[in-house]
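Residues per chain, in single letters:
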Amino acid sequence: MRIADHRSDDIPEINLIPLIDVMLCLLIFFVVTATFDARSVLKLQLPRADGQPVDARMQPLGILINAQGRYFVGDREVLRTDVESLKQALREVAGEDRARVVLIRADARTPWQAVVTAYEALGQLGFRTVANATAPETGAARGSAR
């Protein structure tokens, strides 16, 4: 006795419903995460500027301290490492501008006393905005510090 096989009667078809669902999800994702241009929504009339170079007084005053504890203010070397010599060099370079930003660049091997002396001289002269320059940590140094 032979049993009839009805599988040959089935017509193969591609079900598009999951594909449409995925496409709609992607469309919603891109619409929600897209950055919209705020300039097209807001109508602003921005002020104009002539684009002149920044005044030299606005540039940060740089103090470089090398590994031996020697000071360099701007492009001048300070001959002695005491507070008074550093204050005199700062007065010559900065003048009376105490609102100027001071950027201290110290070598990683600099004695801490040299950095403290620089802070002391800046404080006595009245500088209040002081920044420290650092270098980004490299991958090898980051791994060895752990």
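Residues numbered from 1 in each chain as written. Predicted model: local features only at pLDDT ≥ 70, side-chain atom pairs only at ≥ 80, totals over all residues. Heavy atoms only, no water.

Draft legend 1. Quick peek at helix 4 (residues 112-125). Look at helix 4: 20 Å from first C-alpha to last across 14 residues, which is about the 20 Å you get at 1.5 Å a residue. Burial in helix 4 covers these residues: A114, V115, T117, A118, A121, L122 and L125. Across the axial projection of helix 4, the buried residues extend over an arc of 160 degrees, all falling on one side. With respect to the buried face of helix 4, the exposed residues turned more than 90 degrees away are W112 and Q113. Close packing links the buried residues of helix 4 with strand 1 (61-65), strand 2 (71-73), helix 3 (83-94), strand 4 (102-106) and strand 5 (130-132). Downstream of helix 4 by a residue or two, G126 has a phi angle that is positive, lying close to 100 degrees. (Helix = DSSP H or I, 4+ residues; strand = E, 2+ residues; numbered from the N terminus. Expected span 1.5 Å × (residues − 1). Buried < 20%, exposed > 50% of the residue type's maximum accessible area, 1.4 Å probe, protein only. Arc of directions from axis to C-beta. Contact = heavy atoms within 4.5 Å.)

Draft legend 2. Inspection of the nonpolar core at higher detail. In this structure, I63, I65, Y71, L86 and L90 are the most contacted members of the largest nonpolar core, which totals 20 residues. Taken together, the elements giving at least two residues each to this core come down to strand 1, strand 2, helix 3, strand 4 and helix 4. Tallying contributions element by element places helix 4 first for this core, with six residues. With residues near it in sequence (within four places) discarded, I63 still touches Y71, F72, L90, V102, L103, I104, R105 and L122. (Core = buried A, V, L, I, M, F, W, Y, C linked by side-chain atoms within 4.5 Å.)

Draft legend 3. Summary view of the pairing of strand 1. Taking every second residue as pointing to the same face, the buried face of strand 1 carries L61, I63 and I65, while none of G62 and L64 on the other face is buried. By the bridge criterion, five bridges tie strand 1 to strand 4 in an arrangement that is parallel. Counterpart to I65 in the pairing with strand 4 is A106. For strand 1 and strand 2, the ladder comprises three bridges, and the chain directions are antiparallel. Looking at strand 2, one finds that I65 is bridged to Y71. From the end of strand 1 to the start of strand 2, which pair antiparallel, there are five residues, and G69 there has a positive phi angle of about 85 degrees. (Pairing = 2+ DSSP bridges.)

Draft legend 4. Main features of the environment of N66. Secondary-structure assignment places N66 in the loop between strand 1 and strand 2. Sequence separation between N66 and A108 is 42 residues, and the spatial gap between their C-alpha atoms is 8.6 Å. In contact with N66, not counting residues within four places along its chain, are F72, D107 and T110. Polar side-chain contacts of N66 include one of 2.8 Å to the backbone nitrogen of R70. (Polar contact = N/O pair within 3.5 Å; in protein donor to acceptor, adjacent residues only side chain to side chain.)

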